[in-house]
Structures are given as C-alpha cells and as structure tokens.
Amino acid sequence: MATPLLALDIGGTKLAAGVVSPEGEVTAERIAPTGDDPTPEQVIERLFDLSEEALSRAGLALSALAAVGVSFGGPVDYGAGKVITCHHLSGWEGVPLREIVGERTGLPAVVDNDANAAALGETLFGAACGCQHVIYITVSTGIGAGLVLSGRVHRGANSMAGELGHTHLVPYGPRCTCGRMGCLESVAAGWAIAGSARDALAGGADSVLRSIPLAELSAEDVCRMAQRDPLARQIIDRAGGYVGLALARAANVINPEIIVVGGGVAESGEVLMAPLRSAFQRYIMPEVGEGARVVQSALGSRSGILGAGALAAAELLE
Ligand SMILES: [Zn+2]
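Residues numbered from 1 in each chain as written. Predicted model: local features only at pLDDT ≥ 70, side-chain atom pairs only at ≥ 80, totals over all residues.

Colleague: How would you explain unusual backbone geometry if you had to name every residue and give the values?
Modeller: Of note in this structure, Asp 37 is not a glycine but carries a positive phi near 40 degrees. Note on placement: Asp 37 falls in the loop between strand S3 (26-33) and helix H1 (40-58). Residue classification places Asp 37 among the exposed positions, given that 12 C-beta atoms sit within 10 Å. (Helix = DSSP H or I, 4+ residues; strand = E, 2+ residues; numbered from the N terminus. Buried ≥ 20, exposed ≤ 12 C-beta atoms within 10 Å, placed from the backbone.)

Colleague: Tell me about the packing of helix H7 (residues 230-254) against helix H8 (residues 270-283), and name the residues and values.
Modeller: In the contact formed by H7 and H8, the axes pass within 7 Å of each other and the chain directions differ by 40 degrees. Considered as vectors, H7 and H8 are oriented oblique to each other. Regarding H7 and H8, the two cross each other, and that crossing is right-handed. Contacts between H7 and H8 involve Ile 236, Asp 237, Gly 240, Gly 241, Val 243, Gly 244, Leu 245, Leu 247 and Ala 248 from the first element and Val 271, Leu 272, Pro 275, Leu 276, Arg 277, Ser 278, Ala 279, Phe 280 and Tyr 283 from the second. (Axes fitted to C-alpha atoms, helices over the stretch in contact; angles between N-to-C directions. Parallel < 35°, antiparallel > 145°, perpendicular 65-115°, else oblique. Left-handed = near helix turned anticlockwise from the far one by under 90°. Contact = placed C-beta atoms within 7 Å.)

Colleague: An account of the domain arrangement of the protein chain is requested, with residue identities and associated values reported.
Modeller: Per the domain assignment, the segments of the protein chain are domain 1 (5-122 + 301-316) and domain 2 (131-297). Measuring from the centre of the C-alpha atoms in domain 1 to the corresponding centre in domain 2 gives 26 Å. With 13 residues of domain 1 at the contact, the number on the domain 2 side is 18 residues. Taken together, the residues of the side of domain 1 that touches domain 2 break down into seven nonpolar, three polar and three charged. (Domains from an automatic or database assignment. Nonpolar A, V, L, I, M, F, W, Y, C, P; charged D, E, K, R; others polar.)

Colleague: For H1, give the residues involved together with the corresponding values.
Modeller: Given a rise of 1.5 Å per residue, 19 residues ought to cover 27 Å, and the 27 Å separating the end C-alpha atoms of H1 matches this to within 8%. Within H1, burial applies to Val 43, Leu 47, Leu 50, Ser 51, Ala 54 and Leu 55. One face of H1 carries all of its buried residues, which in axial projection span an arc of 140 degrees. Residues of H1 that are exposed and point over 90 degrees away from its buried face: Glu 41, Glu 52 and Ser 56. The secondary structure elements touched by the buried residues of H1 are strand S1 (5-10), strand S2 (14-20) and S3. Once H1 finishes, Gly 59 follows within two positions and takes phi at roughly 65 degrees, a positive value. (Expected span 1.5 Å × (residues − 1). Arc of directions from axis to C-beta.)

Colleague: Describe helix H5 (residues 190-202), and please don't skip the residues or the numbers.
Modeller: Taking 1.5 Å of rise per residue, the 13 residues of H5 would be expected to cover 18 Å, and the 18 Å separating its terminal C-alpha atoms lies within 8% of that figure. Along H5, the residues classified as buried are Gly 190, Ala 192, Ile 193, Ala 194, Ser 196 and Ala 197. Here the buried face of H5 lies against helix H4 (184-188), helix H6 (219-225) and H7. Gly 204 lies just past H5 and shows a positive phi near 95 degrees.

Colleague: Go over the pairing of S3, please, and point to the residues and values.
Modeller: Relative to S3, S2 runs antiparallel, the two being bridged by seven bridges. Paired with Val 20 across the bridge in S3 is Val 26. Where S2 folds back on S3, the antiparallel hairpin that results is connected by five residues, among which Gly 24 adopts a positive phi of roughly 90 degrees. (Pairing = 2+ DSSP bridges.)

Colleague: Break down the environment of Glu 25 for me, citing the residues and quoting the values.
Modeller: Assignment of secondary structure puts Glu 25 in the loop between S2 and S3. By the C-beta count within 10 Å, which is 13 here, Glu 25 ends up partly exposed. Each C-alpha atom of the pair Glu 25 and Leu 306 lies 8.4 Å from the other, and the pair is 281 residues apart in sequence.

Quick look at the structure:
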C-alpha cells in the first residue's frame, strides 16, 4: 500500500480522524461528537486525541504518514490556510488551522471547507470517480456546494466559489442565515424544511407530523413521513424542486458530467431526489442536461474523512 494519509474532519455535530490510503481506503477511523460549542483549542485537542487513537488502531506512528488533510465545516481561505468563519462553532475567525495542524503533526498539511473536500472525495473515490467536471451539493442543516472543473477544485478569487446555498431564488422569500431574503437555503435547507412544517401545523394543517412536539420537529422527521403524509410530501417536493432549479442554473454555467447530492436531507433518498431530478430536467437547457447525470453521494457520512484524505492526496502528493 502507498504511504497512508491522516484525514481530519471538523463539523458542527461531529469530529473525526482517520488513516486513509491515497486510493481512498479507510484503515482506521475514530469519531466523537463536537459537543456544546467548544473553543477552537478544545476542538483541536479532541481531534488530536482521536488521531492518536486512529493511528494506534492502524498500528502506525505519525512519522509513517505522508501528509494530513483537514475538512472544515465553514469557509476557509485556502491560500492562507486560515478559517474565515464558522456558522456552527464560535471563535474560529482567522484561526491558522493549516499551520497548527502542520506544526502538531510535522507533516505537510492542507485545509479546505467541507463541501470542496467532499466534492474532491466524490471525484477521486466516490460517485463521480473518473469525472472531470463535477458539481457536489450538500443538503443538510445548511446547503453548501463544491465544484471540480477539469479535475481540480475550483475555489475562485477568494476561496468563496460554490455558495449555491445563497443563490437568490424566491423574490421576497424567507429571511436566510446570511441576512438576505429568498436564498436557496431559506427554502430548502434542513432548518427551512422544519420551519415550513412548523408554520403549516401552527396554521392548522392536518398531518401525522402533529404526533411530534412542535419544538422537536426536525427535517429528518419531515423526510421520514413524506412517503405517507401529504403535508410532509408537499414540503419535501417543494424543497427538492428548489434544489433542482438552483442546480439547473449552475449546470447551465458549468456544463458538468455529473451532479452529486449529499448531506443529511439527501440521505432520505428518492423522497428528495425524485422532485429534485424532475425540476432539474424541467429547467436545464436540454443539450446541457443530456450530458449531466444527477446521483446521490456514494461516500455518505464518510464524505468528511474521505474528502480530507482526497485533499491530502490531490494537493500534497503530486
Ligand atoms: Zn443566504
């Protein structure tokens, strides 16, 4: 086996460390909950505890590894190796994560946001294997996207490419997490799906979702009920339709071979994918649509760790 890599994943709900081969095999992996808004120092300490455990399971020393890749759950200034901000955890603005990880491990290090990492992970090891032009979108609590163009991650002028979640879709639509109104996220992210269901129930709609206390109602509940409940189905159809519309617009610009849909809401499968595909086909220019498949993520919950591994393999081994 070629020299293994250390892969680190920092997310709002979980932290993960793994030993990954340059071919995308996970030799050992340790996962822990992120916890209740820890400081960056606490997150980094926990992450290195997990790394030691993963290395010990793999029977390897740090010195046996070639490089370390980090997938971070928020925008990252790729050139500087610094976190721009994090919407789920506080205190991360400007943290020089690449330098910290490089010094702690003594290895060449690379840091990028989770959507870029997952896009590369799907391209090297997953659903987009062998493709050159890829759009990856994650529909989860928020909505993020990563672009691979001519086989490389496209990061743009200041590392902000792929903000498909904040594409404006609905005139005078709901207020978004970014402060503007009517973004894709405000009508299709996990928080928006749960919010639509709560609003409909508060307005007296008839639905089996009523069996769940309103404050606890989640997007996962709405997805789960969508097979048998008309209100839940209507909410997911609408969210999937908006994601399909945004993807059709992005695809008309980029002309991808494949669009990979990941994230917690997408794990509900055809419930979301069917209305998404149908809207995508309705709105895309036919000649562009002919060349583009729309598929579900192959890496699933391992997209963070395999994305981090893919980053290290693609950016540091060549
Ligand atoms: Zn927005």
